[in-house]
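Survey of secondary and tertiary structure
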Amino acid sequence: MTAAFDDSSTIVRETAGEAVANLTIVLEQVALGRLRGSATTHRPAATAVAGLSALLRDGDFYPDEAIAAFAWPLIIQAGGLAEMAGTRLQLTARGRKALSAAPHATLRALWRAWVSKGTIDEFSRIDTIKGQRSKNVLSSAITRRKIVATALAELPVGTWMNVEDLFTLMQSEGLDPTVHRNERSLWRLYIAEPQYGSLGYAGFHDWALLQGRYTLAVLFEYAATLGLLDVAFTDPAGARWDFRENWGADELPYLSRYDGLLAVRLNTLGAYVLGISSEPPPTPEPAACLRVLPNHDVVALGDVPPGDAMTLSAFAESTADRTWRLSTASLLAGIAGGRSLDELDGLLKRASEGPLPGTVTRLLADTTERSSALSDRGVVRLVECRDAATAVLIARDPRTARFCVLLGHQHLAVGAEYEAEFRQAVVGLGYALRT
């Protein structure tokens, strides 16, 4: 089960390091409000995918075919790190914590979330196969996804496996991610034209064409994007010929954008994510790329990873090419935007060429103290009472006291989460809150 590569046409990508770097980049882009998508389908907008492709470390797998850049916005939504606010993705509280959390643990949580509740059916990305949107045609995507995840966990760590050998292994183990519900629904899937191009005809729907394509989609677009698998791939055009006999396939350069995937290798990150290993892979010591000066300037010594540059820009003002200035105002602006100073502190300590100057540590400490002076307690409903006596009565009565706070002489603040209970409780006191 070894993989043989044609060096002249095969690209090999070791994905674990990419995934760690890209996780930060994607979360930073969400924090900056630069990723848009559909609130209905959760899919990212084409402009968001194009912009993200240009930022990913080492780029997407193909320069003109989005795979990782399409998957990342979906993955972080499934993992609860981001959510749609209108047509724009925004970080959740969990997503903000992930910016300063251990990346390997976050990647593990994201993969497990995708397997159990991925936001789309990966087979829908094989858009040359039509008829998928018809009712009761496709099987459960979650069931299929779990089957592929089970197959992934059976791969030997650190050893290349050709996808054909993987297909053979899955079939021998009974790991069959069948995409259609039954034989009748298979007739409703087609290429080019529903009658002559139907996949229901004998010989036109073998394992590699359907189950195999679905498997490639999950492995290439999601497992490899999250860094579980190193991949060897080539141009999808002409990589597989198993669909050429199907009616209407003559004009297609390939059946799926994943056809070029030739071989996979489960890496140490994948072993950790899948529970094969209990220890995460070691994180390489980063090279110092920043110099932090006593005057609060941060100067780039070399190339700063895009994700780190975005973090700096969230907390510091860019004053010149490759130079940022920290200030109380810039730090507070970052905090007001929902960020944590732990993110910046961790970055400076990790990427700086030496210990942080005392002036900078004091600035961070002072700003942390300032930021704790005010607390957001959420949205409240302001209730005006007829007089001070009524306000005091309601604020102190055991039936209503836990739902409101006395403000001034005759006003009550009711938390939005307690409004229904407050309205019901005041009735017991002989009052009613009119809207």
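The coordinates are above.
In this report, the structure presented in the accompanying data block is examined.

Reading the values: the criteria
Residues numbered from 1 in each chain as written. Predicted model: local features only at pLDDT ≥ 70, side-chain atom pairs only at ≥ 80, totals over all residues. Heavy atoms only, no water. Core = buried A, V, L, I, M, F, W, Y, C linked by side-chain atoms within 4.5 Å. Buried < 20%, exposed > 50% of the residue type's maximum accessible area, 1.4 Å probe, protein only. 1 Å grid on protein atoms, 1.4 Å probe; cavity = no way out; pocket = protein on both sides within 12 Å on 5 of 7 lines; lining within 4 Å. Points joined across faces, edges and corners; volume = space filled by probe spheres on them. Helix = DSSP H or I, 4+ residues; strand = E, 2+ residues; numbered from the N terminus. Nonpolar A, V, L, I, M, F, W, Y, C, P; charged D, E, K, R; others polar. Salt bridge = Lys/Arg side-chain N within 4 Å of Asp/Glu carboxyl O.

**What to know about the nonpolar core**
Membership of the largest hydrophobic core comes to 90 residues, with the highest contact counts inside it found for W72, W111, L152 and F220. Within the second largest apolar cluster, 22 residues are counted, among which are L312, L326, L348 and A351.

**Considering empty space enclosed by the protein**
Over the atoms rolls a probe the size of a water molecule, and in doing so it shows where empty space is left. The tally for this structure, following the rule as stated, stands at 1 cavity of 30 Å³ or more. In this model, the largest cavity occupies a volume close to 70 Å³. Taken together, R13, T15, E18, A19, N22, L56, G59, D60, F61, A68, A224 and T225 make up the full set of residues lining the largest cavity. A per-element tally of the lining of the largest cavity places helix α1 (residues 16-31) first, with 3 residues. Considered class by class, the residues forming the lining of the largest cavity number 5 nonpolar, 4 polar and 3 charged.

**Focus on the environment of E279**
Mapping E279 onto the fold places it in the loop between α10 (268-273) and β9 (290-292). Under the relative-accessibility criterion, E279 is labelled exposed at 56%. Through-space distance from the C-alpha of E279 to that of F61 is 28 Å; in sequence the pair is 218 residues apart.

**Quick notes on unusual backbone geometry**
A positive phi angle, close to 70°, is found at H42, a residue other than glycine. The phi dihedral of A192 falls on the positive side, at around 75°, and the residue is not glycine. Structurally, the position occupied by A192 is in the loop between β6 (190-191) and α9 (208-223). Residue classification places A192 among the exposed residues on the basis of a relative accessible area of 52%.

**Digging into the pattern of salt bridges**
The tally for this structure, following the rule as stated, stands at 23 salt bridges. Here R213 and D242 are joined by a salt bridge, their closest N and O atoms 2.8 Å apart. Linking R213 in helix α9 with D242 in the loop between β7 (229-233) and β8 (261-266), this pair joins segments that are 29 residues apart in sequence. The class of R213 is buried, set by a relative accessible area of 0%.

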